[in-house]
Amino acid sequence: SQQVEAGAQLLQVFEAMGSFISEPNFEAHALPHMRMIADEMKARHPEVPLMVFPRGASYSLPALKEAKYDVLTLDDSIERAD
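Residues numbered from 1 in each chain as written. Predicted model: local features only at pLDDT ≥ 70, side-chain atom pairs only at ≥ 80, totals over all residues. Heavy atoms only, no water.

Draft legend 1. Highlighting the environment of P32. Mapped onto the elements of the fold, P32 is located in helix α2 (residues 23–44). It is 9.4 Å that separates the C-alpha atoms of P32 and A67, two residues lying 35 residues apart in sequence. If near-sequence neighbours (up to four positions away) are discounted, P32 is found in contact with F26 and E27. (Helix = DSSP H or I, 4+ residues; strand = E, 2+ residues; numbered from the N terminus. Contact = heavy atoms within 4.5 Å.)

Draft legend 2. Structural context of a nonpolar patch on the surface. On the surface, a cluster of nonpolar side chains totalling about 320 Å² of accessible area is made up of M17, F20 and I21. Structurally, the position occupied by F20 is in the loop between β1 (11–15) and α2. (Patch = residues over 30% accessible without salt bridge, like charges linked within 9 Å, V, L, I, M, F, W, Y side chains within 5 Å. Areas by Shrake-Rupley, 256 points an atom, 1.4 Å probe, with all protein chains shown as cover. Salt bridge = Lys/Arg side-chain N within 4 Å of Asp/Glu carboxyl O.)

Draft legend 3. Examining unusual backbone geometry more closely. Of note in this structure, K68 is not a glycine but carries a positive phi near 85 degrees. For K68, the position within the fold is in the loop between α3 (61–66) and β3 (71–72).

Draft legend 4. Looking closely at the pairing of strand β2 (residues 50–54). The buried fraction of β2 amounts to 5 of the 5 residues, a majority that puts the element mostly inside the structure. When β1 meets β2, the two strands line up parallel, connected through 5 bridges. Of the residues in β2, the one forming a bridge with Q12 is M51. In this view, the connection linking β1 to its parallel neighbour β2 by way of α2 has right-handed handedness. Looking at chain direction, β2 and β3 are connected through 2 bridges and run parallel. Bridge pairing in β3 places V52 opposite L72. (Buried < 20%, exposed > 50% of the residue type's maximum accessible area, 1.4 Å probe, protein only. Pairing = 2+ DSSP bridges. Right-handed = clockwise from strand over helix to strand, strands pointing away.)

Draft legend 5. Local environment of the nonpolar core. With 17 residues, the main nonpolar core has L11, F26, M34, L50, V52, L64 and Y69 as its most contacted residues. Of all the secondary-structure elements, those providing two or more residues to this core are β1, α2, β2 and α3. Per-element accounting of this core gives the leading share, 6 residues, to α2. Those residues within four positions of M34 in sequence are excluded, and the remaining contacts are V13, E15, F26, V52, L64 and Y69. (Core = buried A, V, L, I, M, F, W, Y, C linked by side-chain atoms within 4.5 Å.)

Draft legend 6. Up close: the packing of aromatic side chains. Across all of its chains, the model carries 2 aromatic pairs by this definition. Summarising the aromatic geometry, the rings of F14 and F53 are spaced 6.0 Å apart at their centres and angled 80 degrees between planes, so their arrangement reads as edge-to-face. A residue pair is termed long-range when its members are at least 10 positions apart, and F14 in strand β1 and F53 in strand β2 qualify at 39 residues. Its relative accessible area of 54% is what places F14 among the exposed residues. Between F26 and Y59, the ring centres sit 5.7 Å apart and the planes meet at 90 degrees, which makes this aromatic pair edge-to-face. Of the two residues, F26 is situated in helix α2 and Y59 in the loop between β2 and α3; the sequence distance between them amounts to 33 residues. Exposure remark for Y59: the relative accessible area of 27% places this residue in the partly exposed category. (Phe/Tyr/Trp six-rings, centres within 6.5 Å; stacked < 30°, edge-to-face > 60°.)

Given below as structure tokens:
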């Protein structure tokens, strides 16, 4: 919220450890927190787009889209044609 109050027009959330945990562990442990972050930021600042970068966890992109992230970023773990 302080970044928005200071003038940020977009917020990015990083999950930098996605490549080090299994998909089931990501879904059980990281994803609920990432949903909570998106819900809270959308409640506080609905006009500010949210970008998410789940490094090494491209399998999570559909779930993160459902979690209300506006921009989904890709890393080298996904084919660009997908």
